[in-house]
Amino acid sequence: MIILGIETSCDETSVAVIKNDLLAANLISSQYFHKNYGGVVPELSSRAHLQIINPLVKSALEKSSIQLDDIDIISATAGPGLIGALLVGLTYAKGLSLSLNKKFVAVNHIEGHIFSGFLMKEKPEFPFICLVVSGGHTLLLLVKSFTEIYKLGSTVDDAAGEAFDKVSKLIGLGYPGGPKIQKAAEKGDPNRINFPIAELKEPYNFSFSGLKTAVLRYVQQQGGIQKIDEQHIFDIAASFQSAVIKALIQKLKKAIGNFDVKSVSIVGGVAANSLLKEKAEQLSSKYNLKLVIPSLEFCGDNAAMIAFRAKTLFENGITHDLNYKPYPSLDENSFLSL
Ligand code: KG4
Ligand code: ZN
């Protein structure tokens, strides 16, 4: 069985091929030009996807040594994401599926992330606790099978990745925020500033907007960003990063303690963070759990996870018709009740 996966939900165009259970290609083209604007510009993103999608599909087919007609299933991200960007990949996939008369599977981007650990050699074992930390979402889930995903909690405001991006901009480190903050934090003192970690009534929910405001206030108290020297910026980055990771690990620990699971998987762009990895390793070894964090290629947005999710949906009897519409935001309840 050959599956083509297409991902265009934000600032990465990606095309992947899964051929007989093996990943034959996972090409990712990142739109670095957004850094000139301090964040993703939706219209420019759509145009860039449109320019690159066809050559990228051709390269993925070449790399996999297959022809278009060899494909059995064509899949694409349908949401959540930037609507114009989603439209490019989804419409392209639907067009291919119509012209080649192949099955079509629309994939939820977050579900793609949830099962991205299965692209690794060491895979999660069901049931597992999954922490999704991407640019737009922070979710804590209990995953019992490919069709049973239960939400334990989510962020009540900003996503963890969003907090990294906003704080990075605020302290002058720019876009993309996560990697920039991590790099600066390596040279900083995480104990210099005691940024707050939100206390919430719901045990598995997160909140990062207070933390972001605390960084803003701190910068203002110093007289603005121009008055802060480089070492001080590194210390702010390290203190902020430490607070975000503490909040994530706290909730993860609670979930691990309360559910009888075999594995833990941390997925999405923020899962690339080295401090989060280090703390998660300590936690999982304490509880004797298998920890699966995808490699960098599969943490960020990629089509391999889309093709893999399409495969699991297809194997559970799910395909979609060509009227399937893209959706900008996550209906947290719809993707849980397959
Ligand atoms: O999953 P993803 O690639 O895109 C979305 O679906 O949103 O996640 C992107 C997010 C961005 O907010 C980015 O700043 C964050 O992941 N990120 C990181 C790191 N690398 C990427 N955050 C913290 N540390 C990193 N090393
Ligand atoms: Zn993502």
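Residues numbered from 1 in each chain as written. Chains lettered and ligands numbered in written order. Predicted model: local features only at pLDDT ≥ 70, side-chain atom pairs only at ≥ 80, totals over all residues. Heavy atoms only, no water.

Taken as a whole and judged by the stated rule, the model has 13 aromatic pairs. Seen from their ring centres, Phe146 and Phe308 are 5.9 Å apart, and the 65° between their planes marks the pair as edge-to-face. One end of the pair, Phe146, is in the loop between strand E7 (138-145) and strand E8 (148-154); the other, Phe308, is in helix H10 (residues 304-315), with 162 residues separating them in the sequence. For Phe146, a relative accessible area of 21% corresponds to the partly exposed category. Since its relative accessible area comes to 12%, Phe308 is described here as buried. If you follow Lys251 out to its NZ or CZ, it ends over the ring of Phe206, 5.8 Å from the centre. (Phe/Tyr/Trp six-rings, centres within 6.5 Å; stacked < 30°, edge-to-face > 60°. Helix = DSSP H or I, 4+ residues; strand = E, 2+ residues; numbered from the N terminus. Buried < 20%, exposed > 50% of the residue type's maximum accessible area, 1.4 Å probe, protein only. Lys NZ or Arg CZ within 6 Å of the ring centre and 35° of its normal.)

This part takes up the domain arrangement of the chain. The assigned domain composition of the chain is domain 1 (2-114 + 298-332) and domain 2 (124-293). Between domain 1 and domain 2, the C-alpha centre-to-centre distance is 27 Å. Listed by partner, the interface residues are 19 residues for domain 1 and 21 residues for domain 2. Where domain 1 abuts domain 2, roughly 1,600 Å² becomes buried across the two surfaces, and 69% of that area is made up of carbon and sulfur atoms. The interface formed by domain 1 and domain 2 holds three residue pairs in polar contact (both at pLDDT 80 or more) in total. Elements with a minimum of two residues in the side of domain 1 that touches domain 2: helix H3 (109-114) and H10. No other element matches H3, which puts four residues into the side of domain 1 that touches domain 2. Tallied by class, the residues present in the side of domain 1 that touches domain 2 amount to seven nonpolar, seven polar and five charged. (Domains from an automatic or database assignment. Contact = heavy atoms within 4.5 Å. Buried area = accessible area lost by both parts, 1.4 Å probe. Polar contact = N/O pair within 3.5 Å; in protein donor to acceptor, adjacent residues only side chain to side chain. Nonpolar A, V, L, I, M, F, W, Y, C, P; charged D, E, K, R; others polar.)

For ligand 1, the set of nearby residues contains 19 residues, the closest of which are Gly135, Asp165, Gly178, Gln182 and Asn273. Measuring from a nitrogen atom of ligand 1, one finds a side-chain N or O atom of Asn273 at 3.0 Å. Alone, ligand 1 offers 560 Å² of accessible surface; in the complex the protein occludes 85% of this. Those elements giving two or more residues to the shell around ligand 1 turn out to be H3, helix H4 (160-170) and helix H5 (177-185). If one sorts the elements of the shell around ligand 1 by residue count, H5 sits on top with four residues. Residue classes in the shell around ligand 1 are distributed as four nonpolar, 13 polar and two charged. Two domains share the shell around ligand 1, each providing at least three of its residues, namely domain 1 (2-114 + 298-332) and domain 2 (124-293). (Near = heavy atom within 4 Å. Areas by Shrake-Rupley, 256 points an atom, 1.4 Å probe, with all protein chains shown as cover.)

On to H4. Considered for burial, the residues of H4 that qualify are Ala160, Gly161, Ala163, Phe164, Val167 and Ser168. Considered in projection along H4, the buried side chains sweep an arc of 160° and stay on one side of the axis. Elements in contact with the buried residues of H4: strand E6 (128-133), E7, H5, helix H6 (209-221) and helix H7 (230-258). Following H4 by one or two positions, Gly172 adopts a phi angle in the positive range, close to 80°. (Arc of directions from axis to C-beta.)

This next bit is on the nonpolar core. Within the largest apolar cluster, 52 residues are counted, with the highest numbers of intra-cluster contacts made by Phe195, Phe240, Leu248, Leu252 and Ile266. With 15 residues, H7 is the largest single contributor of residues to this core. Leave out the neighbours within four places in its chain, and Phe240 touches Ala163, Phe164, Val167, Ile181, Phe195, Leu211 and Val215. Listed in part, the 31 residues of the second largest apolar core include Phe118, Phe128, Cys130 and Ile149. (Core = buried A, V, L, I, M, F, W, Y, C linked by side-chain atoms within 4.5 Å.)

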